[in-house]
Amino acid sequence: MSVSEEPVTKKRPHVNGYHSDGNQSEKTQYFNHNSNQNNFVIEAVGQTELEKFDSIFETLVNDLTKDGLNNEEIREIILRFKEVIHYNVPHGKKNRGLAVICSYRHLASPDQCTDDNLNRARVLGWCIEMLQAFFLVADDIMDQSSMRRGQPCWYKVNNVGNIAINDSYYLEAIIYQVLKQYFRSEPYYLDILELFHQTTIQTVIGQGLDLTTPPADGSIDLSRFSLKRYDSIVKWKTAYYSFYMPVALAMYMVYIHYFHRKFPWENFYVNM
């Protein structure tokens with residue numbers, strides 16, 4: 001459900017099982033700070049910010065899994081879900097996640113740029129990366145793709161198959177677990193909840209436009225492949241969650257609650 005991403009060049013271990021021991025050497029394999037594929041984002045936020053962004057990932061994973069790992073009844077599946085997160089979430093260019101931090105730094109006043117608020121912006125950035133992972137796992141199944149980000153698509157990994165459908169649901173569900181833990185007491189909590197739901201629906205609509213452009217019977221009808229249709233697919237399938245959402249989250253964080261009424265920001269960022 002996203003524009004195609006360039007494969008990463010750093011090789012990660014092929015996953016045949018679902019047992020993460022959580023040691024530091026394993027954690028460092030989830031990130032490649034030397035990749036040149038996200039340089040334009042790094043130029044905006046800085047290499048140090050990228051490292052800070054990556055540094056909270058394991059904290060979020062532990063927050064999401066620690067209770068389940070202590071529950072003998074579900075420990076086995078939580079170990080597996082932990083591997084689902086590690087395999088699918090942190091390996092992209094992180095443009096969307098870093099864009100939240102970049103937007104917040106530009107919109108917030110000096111008084112608002114506290115360490116706590118910047119960390120919250122990073123958490124929201126990772127929530128978008130989780131949303132992206134949810135879309136991609138499902139999209140790869142629907143498109144019957146074989147590779148994603150330089151490694152086999154999740155459903156192509158040994159012993160996964162159609163279980164990846166449920167895994168995609170998990171990747172969406174954990175977004176709201178993170179939002180509840182970190183933002184429940186914030187005045188903009190409801191706003192960001194609604195934004196994630198709204199953007200998910202918009203992206204699903206875009207995926208529907210994409211999937212139904214070719215005739216369902218497998219015939220070829222070139223009249224359906226128009227520039228107008230292409231623009232609609234790009235807008236609904238990619239633009240809302242890639243360009244509008246990161247900025248909107250930052251705006252809510254700095255208490256710009258009235259921006260929809262004052263200026264059509266959504267259309268501005270989507271059309272841009």
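Before reading further, recall that the structure is shown in the block above.
Residues numbered from 1 in each chain as written. Predicted model: local features only at pLDDT ≥ 70, side-chain atom pairs only at ≥ 80, totals over all residues. Heavy atoms only, no water.

(A) Main features of helix H6 (residues 95–107). Its 13 residues give H6 an end-to-end C-alpha distance of 18 Å, which sits within 8% of 18 Å, the value for a rise of 1.5 Å per residue. For H6, the full list of buried residues reads Asn-95, Arg-96, Gly-97, Leu-98, Val-100, Ile-101, Cys-102, Ser-103 and Tyr-104. (Helix = DSSP H or I, 4+ residues; strand = E, 2+ residues; numbered from the N terminus. Expected span 1.5 Å × (residues − 1). Buried < 20%, exposed > 50% of the residue type's maximum accessible area, 1.4 Å probe, protein only.)

(B) Spatial organisation of the packing of aromatic side chains. Here the structure, examined in full by the defined rule, presents 10 aromatic pairs. Here the aromatic rings of Tyr-87 and Trp-154 are separated by 4.9 Å at their centres, their planes lie at 50 degrees, and the arrangement is tilted. Taken together, the residues span a long stretch of sequence, with Tyr-87 in helix H5 (residues 75–88) and Trp-154 in the loop between strand S2 (151–152) and helix H8 (163–183) at a distance of 67 residues. We note that Tyr-87, like Trp-154, is buried. Judged by centre distance (5.2 Å) and plane angle (35 degrees), the rings of Phe-134 and Phe-135 are tilted. With respect to burial, Phe-134 and Phe-135 carry one shared label: buried. (Phe/Tyr/Trp six-rings, centres within 6.5 Å; stacked < 30°, edge-to-face > 60°.)

(C) Geometry of a nonpolar patch on the surface. Together, Ile-220, Leu-222 and Phe-225 make up an exposed nonpolar region whose accessible area comes to about 400 Å². Looking at where Ile-220 falls in the secondary structure, it is placed in the loop between helix H9 (189–211) and helix H10 (227–253). You can call Ile-220 exposed: its relative accessible area is 76%. (Patch = residues over 30% accessible without salt bridge, like charges linked within 9 Å, V, L, I, M, F, W, Y side chains within 5 Å. Areas by Shrake-Rupley, 256 points an atom, 1.4 Å probe, with all protein chains shown as cover. Salt bridge = Lys/Arg side-chain N within 4 Å of Asp/Glu carboxyl O.)

(D) Expanded view of helix H3 (residues 47–55). Taken as a whole, H3 has its buried residues at Glu-49, Leu-50, Phe-53 and Asp-54. For H3, the angular spread of buried residues about the axis comes to 135 degrees, placing them on one side. (Arc of directions from axis to C-beta.)

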